Amino acid sequence: MSIDDFRHESFSELDSTNTACMERGRAGDPGNLWITAGRQLGGKARRGRSWVSERGNLYASLLLVDPAPVTKLASLPLAVSLAVHDAVRKVMPPGSEAVEIKWPNDILIGRKKTCGILLEGGALPEGRHAVVIGIGINIVTKPDNVPYDATCLAEHGAAVSPDELFAHLFATMVDALNLWDKGRGVRAVVKRWRENACGIGERIRVNLPDRSLTGRFLDIDDNGLLLLQTDDGAGIPIAAGDVFFE
């Protein structure tokens, strides 16, 4: 894919860029469509949480239609996190704190969260499948009363507008999707992800919907599952959960 294969529509205000993208997919849009908004009234985060969406930050969603066989989609969040990581790094001033990826796809600066990524899928007519990649990046404001330390780019000396940051993301996403190659390039994606990840080898807590697990973050496997070594020595693969450093 080339950068010319992607389109972009910008809005001053939307309920949710993810919702808008999914509606376009169900209406027959062929995909590779970015939708951005200056402000969201009903932004969404993982596990049904809301995403604070004040002006000055970046709110963007990308609609992909049939990006890969469904069995290959589990590794797509890793590729997406590389794209966002690379875009954020491009606007950080020299000497700033490390930009890292926390499993599976949170972007951290100085171990504080500056970006949320939410992927949603849905069936379309004629057997097609839509994937919507929602990305919210804290540029000038950050949420309060969240279960993790949050930050924004401005706190680290980055003076960038949402439009400028999106221009970088527009390009880095093409690179990441080409590296992923419809799931065929997962090993190359995992290799780059490990190079930019934080927490591997450290003690972590993983909050699952029904319980919490603690142990050592061993690695991720070639499908992007987190490999946790619990205190009793058992190795557990985890497909989804909220990670906290201990």
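Below is a summary of the structure that appears in this document. Predicted, not measured: the structure shown is a model, and the values here were computed from it.

Conventions used here
- Note that residues are indexed from 1 along each chain, following the sequence as it is written.
- Restriction of local features to residues with pLDDT of at least 70 applies here, the model being predicted, together with a cutoff of 80 or more for giving and counting side-chain atom pairs; totals for whole chains, interfaces and linings are based on all residues.
- To obtain the side-chain values, all non-hydrogen atoms of the structure were used and water was disregarded.
- Each helix corresponds to a stretch of at least 4 residues labelled H or I by DSSP, and each strand to a stretch of at least 2 residues labelled E; elements are numbered beginning at the N terminus.
- C-alpha atoms define the radius of gyration, and 2.2 Å times the number of residues to the power 0.38 defines the globule rule.
- For the exposure calls, accessible area comes from a 1.4 Å probe over protein chains only, and a residue counts as buried if that area is under 20% of its type's maximum, exposed if over 50%, partly exposed in between.
- Residues are treated as being in contact if the distance between any of their heavy atoms lies within 4.5 Å.
- Each accessible area is a Shrake-Rupley estimate made with a 1.4 Å probe; only the visible protein chains count as cover when residues are assessed.
- A pair of strands is treated as paired once DSSP finds two or more bridges between them.
- Geometry is summarised by axes, namely lines fitted to C-alpha atoms with helices restricted to the contacting stretch, and by angles between N-to-C directions that run from 0 to 180 degrees.
- In this analysis, rings of Phe, Tyr and Trp, with Trp reduced to its six-membered ring, are considered paired at centre separations within 6.5 Å, and the interplanar angle assigns stacked below 30 degrees, edge-to-face beyond 60, and tilted for intermediate values.
- The rule for a charge over a ring is simple: NZ of Lys or CZ of Arg within 6 Å of the ring centre, and within 35 degrees of the ring normal.

## Some thoughts on the overall build of the protein
In step 1: A count of helical and extended segments in the protein gives four helices and 12 strands.
In step 2: Against the 2.2 N^0.38 benchmark of 18 Å for 246 residues, the protein shows a C-alpha radius of gyration of 17 Å, consistent with a compact globule.
In step 3: For the protein, the spread of C-alpha atoms along the principal axes amounts to about 50 × 45 × 35 Å.
In step 4: Taking all 246 residues of the protein together, 50% fall into the buried category.
In step 5: Long-range pairs, those at least 24 residues apart, make up 64% of the contacts in the protein with a sequence separation of at least 6.
In step 6: Counting every atom, the protein has about 11,100 Å² of accessible surface; 49% of that belongs to carbon and sulfur.

## Quick look at the sheet that holds strand E5 (residues 106-109)
In step 1: With mixed pairing, seven strands are arranged side by side in an open sheet as E1-E2-E3-E7-E6-E5-E4. With one partner strand each, in any of the chains shown, strand E1 (7-14) and strand E4 (99-102) form the two edges of the open sheet. Taking the axes of each pair of neighbouring strands and ignoring which way they run, one obtains an average angle of 20° across the sheet.
In step 2: Here nine bridges tie strand E6 (residues 112-123) to strand E7 (residues 129-137), and the two strands are oriented antiparallel to one another. The partner of Ile117 across the bridge, within E7, is Ile135.

## Here's the deal with the pairing of strand E8 (residues 203-207)
In step 1: Of the two faces of E8, the one lined by Ile204 and Val206 is fully buried and the one lined by Arg203, Arg205 and Asn207 carries no buried residue.
In step 2: As judged from the five bridges shared by E8 and strand E9 (residues 212-220), these two strands associate in the antiparallel manner. Directly across from Arg203, in E9, lies its bridge partner Arg216.
In step 3: Hairpin remark: E8 followed by E9, antiparallel, with four residues in the connecting loop.

## Digging into the side chain of Lys102
In step 1: One can find Lys102 in strand E4.
In step 2: Setting aside anything within four residues of it in sequence, one finds Lys102 in contact with Leu108, Trp193, Cys198, Val243 and Phe245.

## Quick notes on the packing of aromatic side chains
In step 1: Taken as a whole and assessed by the stated rule, the structure comprises three aromatic pairs.
In step 2: On the numbers, 6.4 Å between centres and 75° between planes, the contact of Phe6 with Phe170 is edge-to-face. Here Phe6, found in the segment before E1, pairs with Phe170, found in helix H3 (residues 162-180); they are 164 residues apart in sequence, far enough to count as distant.
In step 3: Take Phe6: its relative accessible area is 7%, and that puts it in the buried class.
In step 4: Classification of Phe170 by relative accessible area gives buried; the value is 14%.
In step 5: The ring centre of Phe244 lies 5.5 Å from the NZ or CZ of Lys102, which sits over that ring.

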